[in-house]
Amino acid sequence: MSDFREQALHYHSHPVPGKISIELTKPAETVQDLALAYSPGVAEPVREIAADPANAYKYTGKGNMVAVITNGTAILGLGNLGPLASKPVMEGKALLFKRFAGLDSIDIEVKHKTTEDFINTVANIADTFGGINLEDIKAPECFEIEKALIERCSIPVFHDDQHGTAIVTAAGMLNALEVQGKSIEDAIIVCLGAGAAAVACMELLIKCGALREHIYMLDRKGVIHTRRDDLNEYKQLFANNTDKRTLQDVIADADVFVGVSGPNLLAAEDLKLMAEKPVVFACSNPDPEIDPSLAHGARNDLIMATGRSDYPNQVNNVLCFPFIFRGALDVRASAINDEMKIAAVEAIRSIAKEPVPAEVLKAAGVDKLEFGAQYIIPKPMDPRLLPRIAKAVALAAVESGVAQIDLPENYMA
Ligand SMILES: NC(=O)C1=CN([C@@H]2O[C@H](COP(=O)(O)OP(=O)(O)OC[C@H]3O[C@@H](n4cnc5c(N)ncnc54)[C@H](OP(=O)(O)O)[C@@H]3O)[C@@H](O)[C@H]2O)C=CC1
Ligand SMILES: CC(=O)C(=O)O
Ligand SMILES: [Mg+2]
């Protein structure tokens, strides 16, 4: 473990500190180059953009640039450690945008006093970018922040921990239930956590067929039920009219457990209470709600997923955010709407059912991957994710009327 810690710190500090840098896309060697790049040549695109703001897409990097913006209040499952401590995660998201979707991305860590301060800061710089990926902002503030920024910005604003997580969870869940021979409409679902990821995951599962009254959501105080008087408006939506109060009460005979809360909160004894053939998504990072070896030791009929790269079935928003932004930016979508989210769900789930390319097997270090309990969702390094998700999302943007330009010819062919 300490060896891995050393490796991780070395990775982040060598050969240069951090994980991202900026590269030039134009020559800047000669006097002529500089005259074009800077004064006097730069005045020409300035005049063009002043005359028509859409020209920013033609003459600057705006259209290929996503800002990853946080206040560091919910850094993975590590909690509220502040903006600066969140920087490695945000640089990590920028790395993933570039590696998987060719999008330029920069991290912005915002110190602020009030939620309004944060909203104003982001709204005031938004036009610099093609899109804004909000990251690791805790609930309930994240809901108000995202709503206000969507209203105030003309570019897509997407809280990854809500919607990226929800899209990947829904794709994995629909596939896992299919493998287990269960239907989403009948599934009894326990959701441990009632924050950003939890609320969005459950809302999207409902859009995919789950019944609200079949969902038991829990926060630190236990089951969210109709007789509690301490619920914010977002938790209120999941208040269940039930006498059940504890995790043990609700997990008995449940078909599904979704953990988006914190480390080691689900005991093997609790897992044993679930219905036959359960689905367990222990998605907290870096440490899941239950260790997969403990879970598999407790029962052999479950499908298990975590948010981590080092176990089978990685349910993590990395399978979504690079690709959904690629599709959205390529048609200059003004928003990322439900149609685009559902298109991403379907694209992700369909890839898992197809034969896996040799390069993916090699990168995963395995001989075989076949749709089933150990493979319900594609691997992040699968090269099909980019064309398939981006195209599905871009098409959905065009069809739902939020695209400002048509799909480029032969897009992602
Ligand atoms: N795999 C993936 O792709 C992703 C995983 N996650 C993981 O989900 C977790 C939550 O993230 P996020 O929603 O952004 O954070 P939030 O801060 O918005 O929400 C955290 C929620 O977890 C609840 N919680 C914390 N500890 C406990 C506990 N001991 N028992 C019950 N509930 C608890 C909190 O309860 P209360 O409301 O009472 O404070 C809160 O509702 C993190 O671990 C994160 O790593 C998040 C996004 C993506
Ligand atoms: C994966 C991620 O975004 C998180 O755990 O917060
Ligand atoms: Mg996150």
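These numbers come from a predicted model, not from an experiment.

Procedures and definitions
Residues numbered from 1 in each chain as written. Chains lettered and ligands numbered in written order. Predicted model: local features only at pLDDT ≥ 70, side-chain atom pairs only at ≥ 80, totals over all residues. Heavy atoms only, no water. UniProt positions renumbered as here; feature names shortened; annotations may be inferred. Helix = DSSP H or I, 4+ residues; strand = E, 2+ residues; numbered from the N terminus. Buried < 20%, exposed > 50% of the residue type's maximum accessible area, 1.4 Å probe, protein only. Pairing = 2+ DSSP bridges. Near = heavy atom within 4 Å. Polar contact = N/O pair within 3.5 Å; in protein donor to acceptor, adjacent residues only side chain to side chain. Areas by Shrake-Rupley, 256 points an atom, 1.4 Å probe, with all protein chains shown as cover. Nonpolar A, V, L, I, M, F, W, Y, C, P; charged D, E, K, R; others polar.

(A) Main features of the UniProt feature "domain: Malic enzyme NAD-binding" (unreviewed entry) in the protein. Per the UniProt record, the feature "domain: Malic enzyme NAD-binding" (unreviewed entry) sits at residues 162-398. Annotated as 41% helix and 10% strand, the span residues 162-398 places its first and last C-alpha atoms 23 Å apart.

(B) Representation of the pairing of strand β8 (residues 256-259) within the structure. Residue alternation in β8 divides its side chains into two sets, V256 and V258 and F257 and G259, and both sets are buried. Taken together, the 4 bridges between strand β5 (residues 189-192) and β8 define a ladder with parallel strand orientation. If you follow I189 over to β8, its bridge partner there is V256. With 4 bridges connecting them, β8 and strand β9 (residues 279-282) associate as parallel partners. Within β9, the residue paired with V258 across the bridge is F281.

(C) The arrangement of unusual backbone geometry in detail. Here S39 and P40 are connected by a cis peptide whose omega angle stands at 15°. Checked against the element boundaries, P40 lands in the loop between α2 (31-37) and α3 (43-51). With omega at 0°, the peptide bond leading from A139 into P140 counts as cis. On the secondary structure map, P140 appears in the loop between β3 (131-134) and α7 (141-152). Backbone geometry places D253, a non-glycine residue, at a positive phi of 70°. A positive phi angle, near 60°, is found at M412, a position not held by glycine. The residue M412 is located in the segment after α17 (385-399) in this model.

(D) Local environment of the site of ligand 2. Taken together, the neighbourhood of ligand 2 is formed by L76, K93, E135, D136, D161, N285, N316 and N317. Taking E135, its side chain carries an N or O atom lying 3.0 Å from an oxygen atom of ligand 2. When ligand 2 is considered free in solution it has 220 Å² of accessible area, and contact with the protein chains removes 87% of it. Classifying every residue of the shell around ligand 2 by side-chain character gives 1 nonpolar, 3 polar and 4 charged.

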